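# Architecture at a glance
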Amino acid sequence: MLTTKRLFSTSYSSVDSKEMKKFQLLAHKWWDEEGEYSALHSMNDIRVPFIRDTLLNMSSNYHLGNPLSGVKILDVGCGGGVLSEPLGRLGASVTGIDPLEDNVRTADQHKSFDPVLAKRIQYRSSSLEEIVEECMETFDVIVASEVVEHVADLETFIKCCSQVLKPEGSLFITTINKTQLSYVLGIVVAEKILGIVPEGTHEWEKFVPPEELQRLLESSGFSVKTVNGMLYNPLSGSWSWMESTSVNYAMHAVKSGAQGQSSPTDALSEMESEQSSATAGTAM
């Protein structure tokens, strides 16, 4: 049994009820790739390789075909499973949580079309705080993509991420910077003019500068390894990496390790070693 002291009561939640109401209206739209979530679907083209390649660069071995086999990922604010599914296809064991039951219902229904994903992915209608007690230091990786700009208490959210993440585990975040440019592009242009996302989806006051996010992560025992700017082209509907973090950005941070414990990124290596041993044992 883990004896780590709980930091937060499960009666407290970083979930913002106003945000829940906004997303409730769109719960059935997650898998319309030309609809309100089209930008999230196209974001997979850069965020999935970013997660995959970062994890593989931290590991000495991986399994061809299923490079993330053996890696336990928590997708926080998973919505309809738009990011959970490609991570599952890479071989990861994915737990997707979302406070909206309708989102989880949509995600469950969609994964059921693929028997492989049905085994690799499980969804739960839950806030992050609600799983802390039972999932202490459970996951190798946490993904919070386009989530932190919607939570009520970011500091609590990050501390809960730290609690459910194994020592030396990875946290991946994508979000929006708090700049004049992000207001113009992220709200005026994206919501009011082009309608890329529904009006009212974002509140500029809740956008998070990378410096603030890094400070909160470091105060919770994380070391920030990478910060990359992201650019959305509304004409092509595609995302690309850029140097500037003035609008969208992605961040990778690693939780500090505990002495005497192996790194969870070794899950890939351990999986490969076990497979090699099994092969050697059955060789003629």
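Reading the values: the criteria
Residues numbered from 1 in each chain as written. Predicted model: local features only at pLDDT ≥ 70, side-chain atom pairs only at ≥ 80, totals over all residues. Heavy atoms only, no water. Helix = DSSP H or I, 4+ residues; strand = E, 2+ residues; numbered from the N terminus. Buried < 20%, exposed > 50% of the residue type's maximum accessible area, 1.4 Å probe, protein only. Contact = heavy atoms within 4.5 Å. Phe/Tyr/Trp six-rings, centres within 6.5 Å; stacked < 30°, edge-to-face > 60°. Lys NZ or Arg CZ within 6 Å of the ring centre and 35° of its normal. Salt bridge = Lys/Arg side-chain N within 4 Å of Asp/Glu carboxyl O. Arc of directions from axis to C-beta. Pairing = 2+ DSSP bridges. Axes fitted to C-alpha atoms, helices over the stretch in contact; angles between N-to-C directions. pLDDT = per-residue confidence, 0-100. Core = buried A, V, L, I, M, F, W, Y, C linked by side-chain atoms within 4.5 Å.

## Details of the overall build of the protein chain
For the protein chain, the count of helices and strands is 10 helices and eight strands. Expressed as a percentage of its 284 residues, the buried residues of the protein chain come to 50%. Counting contacts in the protein chain only where the partners sit at least 6 residues apart, residues at least 24 apart contribute 74% of the total.

## Remarks on the packing of aromatic side chains
Considering all chains together, one arrives at five aromatic pairs under this definition. Arranged with centres 5.0 Å apart and planes meeting at 50 degrees, the rings of Tyr232 and Trp239 form a pair that is tilted. Following the ring pairs from residue to residue traces out a cluster consisting of Phe50, Phe172 and Trp241. For the cation-ring pair, Lys178 lies above Trp204, with the distance from its terminal atom to the ring centre recorded as 5.2 Å.

## Observations regarding the pattern of salt bridges
This model, assessed by the stated rule, comprises 12 salt bridges. Across the pair Asp53 and Arg52 runs a salt bridge whose closest N-O atoms are separated by 2.7 Å. On the accessibility criterion, Arg52 (26% relative accessible area) is partly exposed. Arg105 serves as the salt-bridge partner of Glu101, at 3.9 Å between the closest nitrogen and oxygen. Here the residue Glu101 and the residue Arg105 both occupy positions in helix H4 (residues 101–111), the gap between them amounting to four residues, near one helical turn. Three or more residues joined by partner-sharing salt bridges are found here, namely Glu85, Arg89 and Asp114.

## Side note on H4
Those residues of H4 not exposed but buried are Asn103, Val104, Thr106, Ala107 and Lys111. One face of H4 carries all of its buried residues, which in axial projection span an arc of 160 degrees. Turned more than 90 degrees off the buried face of H4, the exposed positions are Glu101 and Gln109.

## So, the pairing of strand S7 (residues 238–242)
Looking along a regular strand, one sees the side chains alternate between the two faces of the sheet. Where strand S6 (residues 222–233) lies against S7, five bridges are found, and the strand directions are antiparallel. Looking at the pairing, Gly229 lines up with Met242 of S7.

## A closer look at the sheet that holds S7
Sheet strands pair via backbone hydrogen bonds, and the direction of the pair is either parallel or antiparallel. An order of S3-S2-S1-S4-S5-S8-S6-S7 is seen for the eight strands of this open sheet, with the pairing classed as mixed. The open sheet is flanked by strand S3 (121–125) and S7, the only strands paired with a single partner. The mean angle between the axes of side-by-side strands here comes to 20 degrees, regardless of whether they run parallel or antiparallel.

## Observations concerning the confidence of the model for the protein chain
Averaged over the protein chain, the pLDDT score is 87; the fraction of residues at 70 or greater is 83%. With pLDDT under 50 throughout, residues 1–11 is counted as low confidence; its partners more than four residues away or in other chains account for 16 contacts. Every residue in residues 273–284 is under pLDDT 50, and counting partners more than four places away or in other chains gives one contact.

## Some words on the side chain of Asp140
For Asp140, the position within the fold is in strand S4 (residues 139–145). Given a relative accessible area of 3%, Asp140 falls into the buried group.

## Quick notes on the side chain of Thr95
Considering the arrangement of structural elements, one finds Thr95 in strand S2 (residues 93–98). Dropping the residues within four chain positions of it, Thr95 is found in contact with Ile73, Leu74, Asp75, Gln122 and Phe139.

## A short note on the environment of Ala107
Topologically, Ala107 is positioned in helix H4. By relative accessible area, which is 0% here, Ala107 ends up buried. Each C-alpha atom of the pair Ala107 and Ile121 lies 9.8 Å from the other, and the pair is 14 residues apart in sequence. The residues touching Ala107, leaving out its near neighbours within four places in the chain, are Gly79, Gly80, Gly81 and Tyr123.

## Quick notes on the nonpolar core
Grouped together as the largest cluster of nonpolar side chains are 37 residues, with contacts concentrated most on Leu68, Ile73, Leu87, Val141, Val143, Phe172 and Trp239. Every element with two or more residues in this core is listed here: helix H2 (38–57), H4, S3, S4 and S6. Ranked by residues supplied to this core, first place goes to H2 with nine residues. In this view, Leu87 contacts Ile51, Ile73, Ala92, Val94 and Val143; residues no more than four positions away in its chain are not counted.

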